[in-house]
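Here is how the chains run, residue by residue.
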Amino acid sequence: MSSHQILQFRSDPFVLSHCCRHTHLTSSLTLQSPLKQPLSGLRFRWRRSNHGGVRSSTTEAQSNNGNRKEEALVLETATTTIELKRVYPFHEIEPKWQRYWEDNRTFRTPDDVDTSKPKFYVLDMFPYPSGAGLHVGHPLGYTATDILARLRRMQGYNVLHPMGWDAFGLPAEQYAIETGTHPKTTTLKNIDRFRLQLKSLGFSYDWDRELSTTEPDYYKWTQWIFLQLYKRGLAYQAEVPVNWCPALGTVLANEEVVDGVSERGGHPVIRKPMRQWMLKITAYADRLLEDLDELEWPESIKEMQRNWIGRSEGAELNFSILDGEGRETDKKITVYTTRPDTLFGATYMVVAPEHHLLSYFVTAEQKQQVEEYKDFASRKSDLERTELQKDKTGVFTGCYAKNPANGDAIPIWVADYVLASYGTGAIMAVPAHDTRDNEFALKYNIPVKWVVKNEANSSADAKQVYPGLGIIENSSSSETGLDINQLSSKEAGLEVIEWAERTGNGKKKVNYKLRDWLFARQRYWGEPIPILILDESGETIAVSESELPLTLPELNDFTPTGTGEPPLSKAVSWVNTVDPSTRKPAKRETSTMPQWAGSCWYYLRFMDPKNPEALVDKEKEKYWSPVDVYVGGAEHAVLHLLYSRFWHKVLYDIGVVSTKEPFKCVINQGIILGEVQYTAWKDQEGNFVSADTEERLNEHQQVTIPEEKVMKSGDHFVLKEDPSIRLIPRVYKMSKSRGNVVNPDDVVLEYGADSLRLYEMFMGPFRDSKTWNTSGIEGVHRFLARTWRLVIGLPQSDGSFKDGTIVTDDEPTLEQLRTLHKCIAKVTEEIESTRFNTGISGMMEFVNAAYKWNNQPRRIIEPFVLLLSPYAPHMAEELWSRLGHPNSLAYESFPKANPDYLKNTTIVLPVQINGKTRGTIEVEEKCSEDDAFVLASQDEKLRKYLDGQSIKKRIYVPGKILNVILDRTNVKVATK
Ligand code: ANZ
């Protein structure tokens, strides 16, 4: 039986806490086991649950001392000790308020908002609804955005806080292939589960705006955008290499290829050119780069985007190919270099295995070797090919080219460290000044020629590779007249470019790492590309906008065709069609769009999700754009953000959107790592071996030690039972295979949604990685229970809580007001700076302080409940309603800190002795005369005037001055 069943009850004021997770307790709970020693004043009755689990209930549960300290009730049975924590009835409150919000559509953002009010659009990166359901990583970002949304609503903003599903993609299709279940069925089921889970966490989404990328109403507009790109020449077809798996007869996505073989089945995968749809994102490279500067994004994401775009300035230089006799032919190899200053140091050239001229110049003797090498390289991904530490490989082509600077004949090699997809797919290799070239030249005995002197370090080893800039040497040629000796690298580079342009040997060139975007997948579960291909001419024609959405045809068989044709080609009657304008026979495009497509623009549709006429209404877009805060995982820091920025800019150019950029501020939440796991080692006899042993640990058996058997000793972790045994703590990413995945449903069941929300926010700084720790949830759970009792009071004898509160209508004291306003200032500031964890600390301080008070005045407690509400909305709503408010607090004004109560209340008071100012003391503004005098007589400086003197008179003006008149007769003063 799982802990779920035990905890399915909804009405008991007690829950079995913590130990319920351990299934061995279950059996001891299914008993009528007598208490060995009942705690005085406590009587328990056990009863079985209807579900077969055991529930606790209590008839009298007032602990003896009855104070407000934590009441952990220990129940000892014959076999075990069970701790019951007195908590609040979250299991009643949470579903109640979720129902209320749903019935009242509390968080609906109406279509016709009052646009004179400020707006706040806060968005989560919408999830892919996987079969596994929500992960605890999801609520981390969602709670943060929810807190922001709730705060801004209460501050009077119109808030847009939507949720939807990025639901096309591979897993549903793979599942369809395995089980025959239509991807749509799987997707809808998963969406239902996700929605239910999200609702159980109390997020204030406007569910009326929910959308899924798989709905024809939605992908109609994804297709529409594709057509706009196509019409502007930004969508085109080209031959590009894809991952082709001959055994499976299909093209694979990058994530389906691991180490050169298919993830499924382990079959070899090769790179094979295929005609594909491409999007010309490179046309926007400069704007994507420049506009980054305006964004309030973390510098690290901007830098990642800059690197991905990878703008580099250099030159294209032409090297003539020489024939067998060493004569110049009319064919040239153009290279791209960022270091034209090193031209005289180019002692060989390299072309990529896919270079278009390779078959032209490779010699007959080298042909076979080169062909074999090409085949070898086709099995590697670009990433593997360019890994720096990888051993460089290559083959000589038998052919030479002329270095245009000095006329030297240099060998042309083919090597896979040069990529066909970057620059010109060919390089001039300068082994003295480029690390990769150096490694290659040493391996294949190619001469190395130094042409740049390291200015900063003249004693540097002259035979070492020097990739830096410096002063040029060995770089002049009487043959070509080029002389760049003694110039700096920068000057020399400019000089070479100028010379190359003058002599027809090359030109200045800016290059980007950014490639055009491969925008087609040979898959079923994606948006159909709205293009027809005429049978006769192969010409491509856009489907008319009025025909959109072009819906995905029904298919029962999603398996690959075996020919590389996408599965959609099986929908014969859908594929075969006619061009409506000419009636000529045509076929529909059978590739679908990649999963990135739908997520490129969904933030726009949320502004106007049901509009049948336009992607988004212009006025609505103008009001809501841009997204103010966009929160999601760092894994999307590059591609998703870059792709959506690209589409956004195209939409801006055609007047669909009013802003240049879609997301004003992006925040990446840190990842949640699994609970710390402690590893120990045991020898053959089963004895523990300490981790700091001299012996080799891997010769021993590894065992995982549960947290309760571990303790900290100095900087280390050791076994409690034998502290000489040191353990190694490790944290891992949560993964099914490691069995360390925490399911949010379990946490909600056991501690409630508010506790989960609070815990995820309390774990640490929002952007940092954090390790999960279940005992941490108990901490915040206890805080919530304390808050509950602060307002509601202690439970009654039957364990239930009174309906009302213990709040009074007393006037608050100054101290209470100060405590409250400090808390308001702190919580507001911390939420606004997305330091959610320290916001919670502020509330904890308040509750601790409030527990010392004799009363809980309404004027203090009510604002505090409002402060709590963004974090723990269910509890706050319940308290608010019990405080006598009939409506939800979602739109109540968020409390504002009154600066009067935040002021530092001490002042500097001048002290005079016999009318002469002798010093100052720091006192409370309303300090009494006696207190001021005591402070003065203890002051270092003033003491010497007062020590041993008798006082005739004291003149005290509070807040202004203390004047001490001394008596001439010498009587000692008692200063204390
Ligand atoms: C000669 C040279 C000498 C180079 C030197 C560097 C240092 P970024 O900055 O990334 O643009 N390169 C050019 N095309 C390449 C390709 N398709 N595959 C692999 N490498 C390629 O890098 C540009 C430099 O990377 C170019 O400048 C070229 O090597 C190499 F001391 O040319 B360089």
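None of the values given here were measured: they were computed from a predicted structure.

**Comments concerning the packing of aromatic side chains**
Within this structure, the stated rule accounts for 46 aromatic pairs. The interplanar angle of 5 degrees and the centroid separation of 3.6 Å between the aromatic rings of Phe126 and Tyr602 together place this pair among those described as stacked. Remark: Tyr602 occurs in helix α17 (residues 602-605) and Phe126 occurs in the loop between β6 (119-124) and α4 (137-154); sequence separation between them is 476 residues. Across the pair, exposure class does not vary: Phe126 and Tyr602 are buried alike. An angle of 40 degrees between the planes, with centres 5.5 Å apart, marks the rings of Tyr373 and Phe376 as tilted. Here Tyr373 and its partner Phe376 are both found in helix α11 (residues 364-377), three residues apart, which amounts to about one turn of the helix. Among the aromatic residues, those joined into a cluster by ring pairs are Phe226, Tyr230, Trp277, Trp517, Phe519, Trp596, Tyr643 and Trp647. A cation over an aromatic ring shows up here: Lys272 above the ring of Trp244, its NZ or CZ 4.1 Å from the ring centre.

**So, the sheet that holds strand β41 (residues 950-957)**
Here we have four strands laid out as an open sheet, ordered β40-β39-β42-β41, and mixed in their pairing. Looking along the sheet, the strands with just one partner apiece sit at the ends: β40 (916-924) and β41. Looking at each pair of strands side by side, their axes are set apart by 25 degrees on average, direction ignored. Taken together, the eight bridges between strand β39 (residues 906-913) and β40 define a ladder with antiparallel strand orientation. Residue pairing across strands places Val911 opposite Gly919, the latter belonging to β40.

**Side note on the pairing of strand β37 (residues 726-730)**
As defined by bridge partners, strand β32 (residues 677-682) adjoins β37 across three bridges and the pair is classed as antiparallel. Across the sheet, the residue bridging to Thr679 is Ile728, located in β37. Relative to β37, strand β36 (residues 716-719) runs antiparallel, the two being bridged by two bridges. Looking across to β37, one finds that Phe717 is bridged to Leu727. Once β36 ends, the chain turns through six residues before running back antiparallel as β37.

**Remarks on the sheet that holds β6**
Neighbouring strands of a sheet are bound in pairs by backbone hydrogen bonds; such pairs are parallel or else antiparallel. Read across the open sheet, the four strands follow the order β7-β6-β29-β30; overall the sheet is parallel. Two strands close off the open sheet at either side, each with one partner strand: β7 (158-160) and β30 (663-669). Averaged over neighbouring strand pairs, the angle between their axes works out to 20 degrees when direction is ignored.

**Regarding the side chain of Asp608**
Here Asp608 lies in the loop between α17 and α18 (618-624). Residue classification places Asp608 among the buried residues on the basis of a relative accessible area of 5%. Within the structure, the side chain of Asp608 is placed 2.7 Å from the side chain of Asn611, a separation counted as a polar contact. Setting aside chain neighbours within four positions, we find Asp608 in contact with Arg209, Leu615, Val616, Asp617 and Lys620.

**Thoughts on the side chain of Lys770**
Relative to the helices and strands, Lys770 is located in strand β38 (residues 770-771). The side chain of Lys770 is buried and forms no salt bridge, while Asp768, the nearest opposite charge, is found at 6.5 Å. Among residues more than four places away in sequence, those in contact with Lys770 are Leu140, Gly670, Ile671, Ile672, Leu673, Met763, Gly764 and Pro765.

**Topic: the UniProt feature "domain: Aminoacyl-tRNA synthetase class Ia" (unreviewed entry) in the protein chain**
Here, UniProt's "domain: Aminoacyl-tRNA synthetase class Ia" (unreviewed entry) annotation points to residues 514-674 and 733-760. For the annotated span residues 733-760, helix accounts for 57% and strand for 0% of the residues, and the straight-line distance between the end C-alpha atoms is 16 Å.

**Some remarks on the environment of Ser569**
Considering the arrangement of structural elements, one finds Ser569 in the loop between β26 (540-542) and α15 (572-575). Separated by 47 residues in sequence, Ser569 and Gln522 place their C-alpha atoms 9.8 Å apart. If we skip the residues at most four places from it in the chain, Ser569 touches Thr561, Val575 and Thr590.

**Quick word on the site of the ligand**
Neighbouring the ligand are 17 residues, the closest being Ser312, Thr337, Leu419, Tyr422 and Lys513. Within the side chain of Ser312, a nitrogen or oxygen atom sits 2.8 Å from an oxygen atom of the ligand. Compared with its free state, where it exposes 640 Å², the ligand has 87% of that area covered by protein. The set of elements that each furnish at least two residues to the shell around the ligand consists of β16 (328-337) and β20 (426-429).

Cut-offs used in this document
Residues numbered from 1 in each chain as written. Predicted model: local features only at pLDDT ≥ 70, side-chain atom pairs only at ≥ 80, totals over all residues. Heavy atoms only, no water. Phe/Tyr/Trp six-rings, centres within 6.5 Å; stacked < 30°, edge-to-face > 60°. Helix = DSSP H or I, 4+ residues; strand = E, 2+ residues; numbered from the N terminus. Buried < 20%, exposed > 50% of the residue type's maximum accessible area, 1.4 Å probe, protein only. Lys NZ or Arg CZ within 6 Å of the ring centre and 35° of its normal. Pairing = 2+ DSSP bridges. Axes fitted to C-alpha atoms, helices over the stretch in contact; angles between N-to-C directions. Polar contact = N/O pair within 3.5 Å; in protein donor to acceptor, adjacent residues only side chain to side chain. Contact = heavy atoms within 4.5 Å. Lys, Arg positive; Asp, Glu negative; His and termini not counted. Salt bridge = Lys/Arg side-chain N within 4 Å of Asp/Glu carboxyl O. UniProt positions renumbered as here; feature names shortened; annotations may be inferred. Near = heavy atom within 4 Å. Areas by Shrake-Rupley, 256 points an atom, 1.4 Å probe, with all protein chains shown as cover.

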